[in-house]
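Working through the structure, step by step
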Amino acid sequence: MPLLTALGLALVAVAAGAAPSAPSETTASAGPAAFTGPIDLTHPLSHAAQNWPGARTFDFTVRVAESAAEFGGFVAFNEFCMAEHLGTHLDAPYHFNQSGWKVHEIPLHRFIARGVLIDASAAAATNRDLFLGADALERWEAEHGRVPEGSVVLVRFGWGDKYEDRRAYFGLTTDDRAANDTDHLSFPSLSPELARALAERKVYGVGVDTPSVDPGKAGDHAPHAHRILAAASAFNLENLDLRSAALPANGFTLIVLPVKIVDGTGAPVRVVAISGEHWSS
């Protein structure tokens, strides 16, 4: 299907759907028949958006500057400043690959793609430092078939319910957003073996509902998954909101639209899942 047709169908589907479903408690994925409308997989941007320790937070530098007289009626606007890799965001391949695409260089068709969901929330519930192995992918494929080339694979660790609690989300002992404490991080992640398996399937991207695709465990935060996926020209989506139980294991389309930052290593992104197949071939 041509890209413009695919994009048109996708946007029509979003516009025609009901309001995005409210997040629910993390459960096993529902079957495709349960997914009937668009789902927003994005945490909102505000001062509460989670930042990597030491990185700049989301800040309004000017908030609601108003002037009724000058503009002949009410008008309001804000100015803000933030880190690229804040809240729900995209990592461009260039983030860990000097010859990789920067944000504005990633081909548009890669942002409208088959969606795949691997649910690892049960395993992460008993081990917050889980390194998800390639066996999780093998189990998914045993049930659903091989992950198609050009997919965006989402991994649900069940971390969405912790997002608003910085200590629980990062495993930190402080709420200090300015502290550059990366020695006490604790959250589940992808193993290098799983990242390699996904790269071999030529996926367009990989997304997680944690702060990073790589481990936060003290002493283990080597960016192996970042480097492996970046070398395969795959982008990462981090801090996704995957709490909706309506999102199926497959049979859906992801619309991934980052802010088009020239030379960006990453960017805030709006990620929406819609039912059906609307990607380009």
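Coordinates for the structure precede this section.
First, a word on scope: everything that follows refers to the structure included in this document. Remember, predicted model here, so these are calculated numbers, not experimental data.

**Concerning the overall build of the protein**
Within the protein one finds 6 helices and 12 strands. Every one of the 281 residues in the protein was classed for burial, and the buried ones make up 49%. Excluding contacts between residues fewer than 6 apart, the proportion of contacts in the protein whose partners are at least 24 apart in sequence is 76%. Within the structure as shown, the protein displays about 12,700 Å² of accessible surface, and the carbon and sulfur contribution to it stands at 54%.

**So, the nonpolar core**
The biggest cluster of nonpolar side chains holds 40 residues, and the ones touching the most others in it are Leu132, Phe157, Leu190 and Leu198. Those elements that place two or more of their residues in this core are β5 (112–119), α3 (134–144), β7 (151–156), α4 (166–170), α5 (192–200), β9 (205–208) and α6 (224–231). With 5 residues, the single largest contributor to this core is α5. Residues Leu117, Phe235, Leu237 and Leu254 belong to the second largest nonpolar core, which totals 25 residues.

**Some remarks on α5**
Buried within α5 we find Leu194, Ala195, Ala197, Leu198 and Ala199. Of the surrounding elements, those touching the buried residues of α5 are β6 (131–132), α3, β7, β8 (189–190), β9 and α6. With its phi angle positive at about 55 degrees, lysine 202 sits one or two positions after the end of α5.

**As for the side chain of lysine 102**
Assignment of secondary structure puts lysine 102 in the loop between β4 (89–91) and β5. Discounting chain neighbours no more than four positions away, the residues touching lysine 102 are Ala92, Tyr94, Asp263 and Gly264.

**Some thoughts on the pairing of strand β10 (residues 235–238)**
Walk down a regular strand and you will see the side chains alternate between the two sheet faces. Residues Phe235 and Leu237 point to one face of β10 and Asn236 and Glu238 to the other, with burial holding for every one of them. Judged from the 3 bridges that link them, β9 and β10 form a sheet pairing that is parallel. In the sheet register, glycine 205 faces β10, and the bridge partner there is phenylalanine 235.

**Some points on the side chain of aspartate 209**
Considering the arrangement of structural elements, one finds aspartate 209 in the loop between β9 and α6. Apart from the residues lying within four places of it in its own chain, the contact partners of aspartate 209 are Val155, Arg156, Phe157, Gly158, Trp159, Gly160, Tyr169, Leu240 and Leu242.

**Topic: the packing of aromatic side chains**
A complete count under the given rule lists 7 aromatic pairs for this structure. Aromatic pair phenylalanine 58 and phenylalanine 60: ring centres 5.2 Å apart, planes at 80 degrees, arrangement edge-to-face. Relative accessible area serves as the criterion here: at 5%, phenylalanine 58 is assigned to the buried category. Between tyrosine 169 and phenylalanine 170, the aromatic rings sit 5.5 Å apart at their centres with planes inclined by 85 degrees, giving edge-to-face as the arrangement. Here a set of aromatic residues connected by ring pairs shows up, and it is made of Trp52, Tyr163, Tyr169, Phe170 and Phe187. Over the face of the ring belonging to tryptophan 159 we find lysine 162, whose NZ or CZ atom lies 4.7 Å from the ring centre.

The rules behind each value
Sequence order as written defines the numbering, with residues in each chain counted from 1. Given that the model is predicted, a residue must reach a pLDDT of at least 70 before its local features are reported, and side-chain atom pairs must reach 80 or more before they are shown or counted; all residues, however, enter totals for whole chains, interfaces and linings. Hydrogens and water molecules were not included; the side-chain quantities draw on all heavy atoms of the structure. To qualify as a helix, a DSSP run of H or I must reach at least 4 residues; to qualify as a strand, a run of E must reach at least 2; elements of each kind are numbered from the N terminus. Relative accessible area decides the class of each residue, using a 1.4 Å probe on protein chains only: under 20% of the type maximum gives buried, over 50% gives exposed, and in between gives partly exposed. Residue contacts are counted whenever heavy atoms from the two residues lie within 4.5 Å of one another. Areas reported here follow the Shrake-Rupley algorithm with a probe of radius 1.4 Å; residue values treat only the protein chains shown as occluding. The criterion is simple. A nonpolar core is a set of buried Ala, Val, Leu, Ile, Met, Phe, Trp, Tyr and Cys residues joined through side-chain atoms within 4.5 Å. Two strands are counted as paired when DSSP detects at least two bridges linking them. To pair, rings of Phe, Tyr and Trp, with the six-membered ring standing in for Trp, must have centres within 6.5 Å; the planes then decide the type, stacked if under 30 degrees apart, edge-to-face if over 60, and tilted in the middle. Charge-over-ring contacts are defined here by two conditions on Lys NZ or Arg CZ: a distance within 6 Å of the ring centre and an angle within 35 degrees of the ring normal.

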